[in-house]
Amino acid sequence: MSKELKSATKCIHSGYKAENGDPRVFPLVQSTTYKYDTADELGDLFDLKTEGHIYSRISNPTVAVLEERIADLEGGIAAVATSSGQSANLLAILTLCKQGDNILALSNLYGGTVSLFTHTISRYGISVKFVDINADEKEIESEIDENTKLIFGETIGNPGVDVLDIEKFADLAHRNDIPLVIDNTFATPILCRPIEFGADIVTHSTTKYIDGHARTLGGVVVDSGKFDWKNGKFDELVLPDESYHGVSFVESFGEAAYSAKARCTFVRDIGFIMAPFNAFLTTQGIETLSIRIERHSENALKIAKYLEANDIIEWVKYPGLKSSPSYELSQKYLKGGSSGIIAFGVKGGVDAAKKFIDSLEIISLVTHVADTKSCVIHPASTTHRQLSKKQLEKGGITENLIRLSVGIEDVEDLIDDIENALSQI
Ligand code: PLP
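Computed from a prediction, not measured in an experiment: that's the story for all the values here. (Residues numbered from 1 in each chain as written. Predicted model: local features only at pLDDT ≥ 70, side-chain atom pairs only at ≥ 80, totals over all residues. Heavy atoms only, no water.)

Participant: Go over the environment of Val128, please, and point to the residues and values.
Facilitator: Position of Val128 relative to the elements: it lies in strand 3 (residues 127-131). The spatial distance from the C-alpha of Val128 to the C-alpha of Asn102 is 5.4 Å, given a sequence separation of 26 residues. (Helix = DSSP H or I, 4+ residues; strand = E, 2+ residues; numbered from the N terminus.)

What follows is the structure, encoded as structure tokens:
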């Protein structure tokens, strides 16, 4: 079929075909190792002359199914699945940066990513500069220097739910010969395909909507195959790599140079590939991703409207609300819905926020977001607790901010639960 398949079909059928040609057969290859007939056959694999699996710390057939499906859904050419979303973002950066380099990150990111950038990678000589997503382009560009290797943003920020102007940041990155890396966790490829708007690398915490059931940790890095690594800034992808007996990733892998380097060096050395069983469960999650996202978005819009009309609510942020500062961007970047995450503040500050959370009965208090079951959290005292006051302010995380992740339950039940909890304040 020459026509591009729709997302709902791709979620189920894309990528993988079993050896017998039946796409319904989906084996869990729970094995560390693979047997070869001759020493030369294995030697050729090690030399990257032929494709195949050497050892499950580098690749695995079940993990490859998931990687192909996500790459296809995102419109990329290859993907590398990792043990968590954190390791996916770390991998995306390590593949391009070394000691002395720096990255430009937007200030509204998930707290764990801010910690990774601020406290961990900086210890190893990769520094980070945070810029406001609404900052003037000239101001942002003035932060880029010859050692800046990438710009990093989230399609929908966690927890402030601002939608990123991906095209603006892609142009800005490309004007400066660097790639744009987008964490697309909250939007998923069902609502937004950042590569179509100029992003070069896309990451996910598959732990969230992609798995969708709060069962399986995982992450993925998708390579668009579009960035010109030969522009003089990324020698490590072009020059012979001593850690892989002198391979030039650009010469050997062409447009897939980035994902090949990610797998053959960092995934191999650090060992944070996704486990086969996690890939098996996550691939199962993908099959229902498109209908789940439709329902999450539908429910969330109804609840956001309900909250907005309620006097006890101080403010509501949801990209699908006309009153949202991100509404226009949501119409451009999010197709078919605005996902399931709402940020709002109740009148009465932090005590009222906590009373509301403690009074919920169906919506559970968990350290998670983006799965079938509705959940809630108070980011300032939990997921973003390690951030300084200034960082919280920059990320738009007020003391009374409640992050509500709307699930796929009956929306009337959820509204009843919220109404009852609000009445307890
Ligand atoms: N990126 C975003 C946007 C997230 O919300 C999270 C976790 O909440 C992560 C990355 C990290 O993912 P994980 O918990 O799978 O390591």
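Participant: Residues and numbers for the environment of Thr33, please.
Facilitator: Among the structural elements, Thr33 can be located in the loop between helix 1 (7-13) and helix 2 (39-46). Given the relative accessible area of 47%, Thr33 is considered partly exposed. Spatially, the C-alpha atom of Thr33 lies 8.1 Å from that of His53, the residues being 20 residues apart in sequence. (Buried < 20%, exposed > 50% of the residue type's maximum accessible area, 1.4 Å probe, protein only.)

Participant: Explain the packing of aromatic side chains to me, using residue names and the numbers behind them.
Facilitator: A complete count under the given rule lists nine aromatic pairs for this structure. Aromatic pair Phe249 and Phe253: ring centres 6.1 Å apart, planes at 20 degrees, arrangement stacked. Here the residue Phe249 and the residue Phe253 both occupy positions in helix 10 (residues 249-253), the gap between them amounting to four residues, near one helical turn. Here the aromatic rings of Phe344 and Phe356 are separated by 5.7 Å at their centres, their planes lie at 80 degrees, and the arrangement is edge-to-face. Remark: Phe356 occurs in helix 15 (residues 349-359) and Phe344 occurs in strand 9 (residues 341-346); sequence separation between them is twelve residues. By relative accessible area, which is 0% here, Phe344 ends up buried. (Phe/Tyr/Trp six-rings, centres within 6.5 Å; stacked < 30°, edge-to-face > 60°.)

Participant: Now, about a negative patch on the surface: what can you tell me, with residues and values included?
Facilitator: There is a patch of like negative charges on the surface, built from Asp410, Glu412, Asp413, Asp416 and Glu419. Within the secondary structure, Asp413 is located in helix 17 (residues 411-423). Assessed through its relative accessible area of 41%, Asp413 is described here as partly exposed. (Patch = residues over 30% accessible without salt bridge, like charges linked within 9 Å, V, L, I, M, F, W, Y side chains within 5 Å. Areas by Shrake-Rupley, 256 points an atom, 1.4 Å probe, with all protein chains shown as cover. Salt bridge = Lys/Arg side-chain N within 4 Å of Asp/Glu carboxyl O. Lys, Arg positive; Asp, Glu negative; His and termini not counted. Charge placed at Lys NZ, Arg CZ, Asp CG, Glu CD.)

Participant: Please provide a residue-by-residue account of the packing of helix 4 (residues 85-94) against helix 11 (residues 257-270), values included.
Facilitator: Their axes nearest at 10 Å, the elements helix 4 and helix 11 cross at an angle of 115 degrees. With respect to the hand of their crossing, helix 4 and helix 11 are arranged in right-handed fashion. Contacts from Leu91, Ala92 and Leu94 of helix 4 reach helix 11 at Tyr258, Ala262, Phe266, Val267 and Ile270. Of the residues in the contact of helix 4 with helix 11, the class split is eight nonpolar, no polar and no charged. (Axes fitted to C-alpha atoms, helices over the stretch in contact; angles between N-to-C directions. Left-handed = near helix turned anticlockwise from the far one by under 90°. Contact = heavy atoms within 4.5 Å. Nonpolar A, V, L, I, M, F, W, Y, C, P; charged D, E, K, R; others polar.)

Participant: Break down the sheet that holds strand 9 for me, with residues and values.
Facilitator: Taken together, five strands build an open sheet; the order of strands is 8-9-12-11-10 and the sheet is mixed. One side of each edge strand has no neighbouring strand; the edge strands of this open sheet are strand 8 (313-317) and strand 10 (364-365). One ladder, built from three bridges, connects strand 11 (residues 375-377) with strand 12 (residues 401-405); its direction is antiparallel. By the bridge assignment, Ile377 is partnered in strand 12 with Arg403. Contacting strand 8, strand 9 and strand 12, helix 13 (residues 289-308) crosses the sheet at an angle of about 15 degrees to strand 9. (Pairing = 2+ DSSP bridges.)

Participant: Give a detailed account of unusual backbone geometry, specifying residues and quantitative values.
Facilitator: Here the bond from Asn158 into Pro159 is cis, since omega is 10 degrees, no more than 30 degrees from zero. Looking at the element boundaries, Pro159 is found in the loop between strand 4 (148-154) and helix 7 (166-175). Phi at Thr188 is positive, roughly 60 degrees, even though this residue is not glycine. Non-glycine residue Ser339 carries a positive phi angle of around 75 degrees. Looking at the element boundaries, Ser339 is found in the loop between helix 14 (327-333) and strand 9.

Participant: Give a description of the nonpolar core that names residues and reports values.
Facilitator: Counting 96 residues, the largest nonpolar core has Phe117, Ile151, Ile166, Leu180 and Trp229 as its most contacted members. The element contributing the most residues to this core is helix 11, with seven residues. (Core = buried A, V, L, I, M, F, W, Y, C linked by side-chain atoms within 4.5 Å.)

Participant: Describe the site of the ligand, with residues and values.
Facilitator: Among the 15 residues in the neighbourhood of the ligand, the closest are listed as Gly85, Asn158, Asp183, Ser205 and Thr207. Within the backbone of Gln86, a nitrogen or oxygen atom sits 2.9 Å from an oxygen atom of the ligand. At 2.7 Å from a nitrogen atom of the ligand is found a side-chain nitrogen or oxygen belonging to Asp183. In the complex, the protein chains occlude 91% of the 390 Å² of accessible area that the ligand would expose alone. The element that contributes the greatest number of residues to the shell around the ligand is helix 4, accounting for three residues. (Near = heavy atom within 4 Å. Polar contact = N/O pair within 3.5 Å; in protein donor to acceptor, adjacent residues only side chain to side chain.)

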